[in-house]
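Each chain, written out:
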Amino acid sequence: VRVAVFGGAGFIGSHVVSHLVMNPNNHISIFDNFSQGNQLSESDRFRVKIFEGDMTRTTSVKKFISTFDPERIYHLVANSNIADSVDNPDLDYRNTLLSTLSLCEVLPAYPVNELIFASSSAVYAQSLTSVTEMSPMSPISNYGWMKLASEKALKASAMSGNIKRLLIARFPNVTGARLTHGVVFDLVRKLIDNPKDLQVLGDGQQTKPYMLAETLVEIISKILNLSWSESLTLNISSTDRISVQDIVKVILEESGFAPQVHYQTTPYGWKGDVPNYDLDTTLLRSLLPDLKLSSSFDAIRQSVRLSLSSQD
Ligand SMILES: NC(=O)c1ccc[n+]([C@@H]2O[C@H](COP(=O)([O-])OP(=O)(O)OC[C@H]3O[C@@H](n4cnc5c(N)ncnc54)[C@H](O)[C@@H]3O)[C@@H](O)[C@H]2O)c1
């Protein structure tokens, strides 16, 4: 299969590539502007065709797609620094939404069999209880709105026949090796810089589901192997949730450091943060009845170990 990965040099993108290279029949190309560096492993770099470009530019997207003629597209490009986009919403208008619109503009001339879109729990209204795919959507961040708008634009493109099968996957918090951002990345880096004091964003009560990127990518691949048509919107999540306080505990256990831990009084890590959410996975489990969902605690422990060992 000819597969194109937009955002393939990023954290999750690099795991998508690692999964795809296991099948020698895959011909993989990636499109990225390398704004978050290059997370592709040394060996994977030799297996993919790399195209450097800005996805907000339709001409670049068109050049890439006409060159590699993909049958399947993963669209993982977005602004991943949600906190920064509070003060600078342009980051989301461009990298989260305009990237999607450029793709939609090019697809009529180059229709594709499958497109997987990396969406987020941020599209839902703020909620403490479990949200299903049908729950009301009313984001509280610029990022969430741009993801929701992207979902709609891609659905319209699929309805016009430009995408045969569209998978809108709403991810939990994703963690693991080769992180470019997120709570584990942030706290481990701060602790290595200053083992005496650890400043935590928010009051530590924020409780969310976490999944390893490689687990997420495997689940997506299993979904693609099923027969479904047109468009599928799917929550992907783990069995449980973990609080930031417990994440801090795991980091201290694994690192052996004993800093003074400083929490803030606000429940939010940043403006627009959804401090508590839970994704209902009934649909996912009905599609893959044999799937054993993983736990957030295990994902965090594994991710902390990987982050600490990459600092050595
Ligand atoms: N990591 C998570 O917890 C999480 C949760 C929900 C959804 N997502 C979504 O998954 C996708 C991948 O996230 P990630 O964590 O790997 O982030 P990431 O920042 O590591 O990856 C995004 C990639 O897109 C590239 N990029 C950004 N703007 C670009 C542009 N204009 N043109 C070309 N390339 C550009 C970056 O260089 C980067 O390689 C994103 O769409 C993100 O919103 C991530």
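Structure: above.
Presented here is an overview of the structure given in this document. The shown structure was predicted, so the numbers you read here are calculated from the model rather than taken from an experiment.

Structural notes on the nonpolar core
Ranked by size, the top nonpolar core spans 55 residues in total, and within it Val5, Tyr74 and Leu167 carry the most contacts. Of all the elements, helix H8 (residues 213-225) adds the most residues to this core, at seven residues. Non-local contacts of Leu167, meaning those with residues more than four positions away in its chain, are made with Leu115, Ile116, Phe117, Ile220, Ile223, Leu224, Trp228, Leu232 and Leu234. Formed by 23 residues, the second largest nonpolar core is a distinct cluster that contains Phe31, Phe51, Val61 and Ala158.

Details of the environment of Ala177
One can find Ala177 in the loop between strand S8 (173-175) and helix H7 (183-193). Once the C-alpha coordinates of Ala177 and Glu214 are considered, the two residues, 37 residues apart in sequence, prove to be 9.0 Å apart. If we ignore the near neighbours within four places in the chain, the residues touching Ala177 are Phe11, His15 and Leu306.

Some points on the site of the ligand
Residues in contact with the ligand amount to 31 residues; listed here are only the nearest, Ile12, Asp32, Ser80, Tyr143 and Thr180. In this structure, an oxygen atom belonging to the ligand sits 2.9 Å away from a main-chain N or O atom of Phe11. In the environment of the ligand, an oxygen atom lies 2.8 Å from a nitrogen or oxygen atom belonging to the side chain of Lys147. Listing elements by their share of the shell around the ligand, those giving two or more residues are helix H1 (11-20), strand S2 (27-32), strand S5 (112-120), helix H6 (142-159) and S8. For the shell around the ligand, the element with the highest residue contribution is S5, accounting for three residues.

Thresholds applied
Residues numbered from 1 in each chain as written. Predicted model: local features only at pLDDT ≥ 70, side-chain atom pairs only at ≥ 80, totals over all residues. Heavy atoms only, no water. Core = buried A, V, L, I, M, F, W, Y, C linked by side-chain atoms within 4.5 Å. Buried < 20%, exposed > 50% of the residue type's maximum accessible area, 1.4 Å probe, protein only. Helix = DSSP H or I, 4+ residues; strand = E, 2+ residues; numbered from the N terminus. Contact = heavy atoms within 4.5 Å. Near = heavy atom within 4 Å. Polar contact = N/O pair within 3.5 Å; in protein donor to acceptor, adjacent residues only side chain to side chain.

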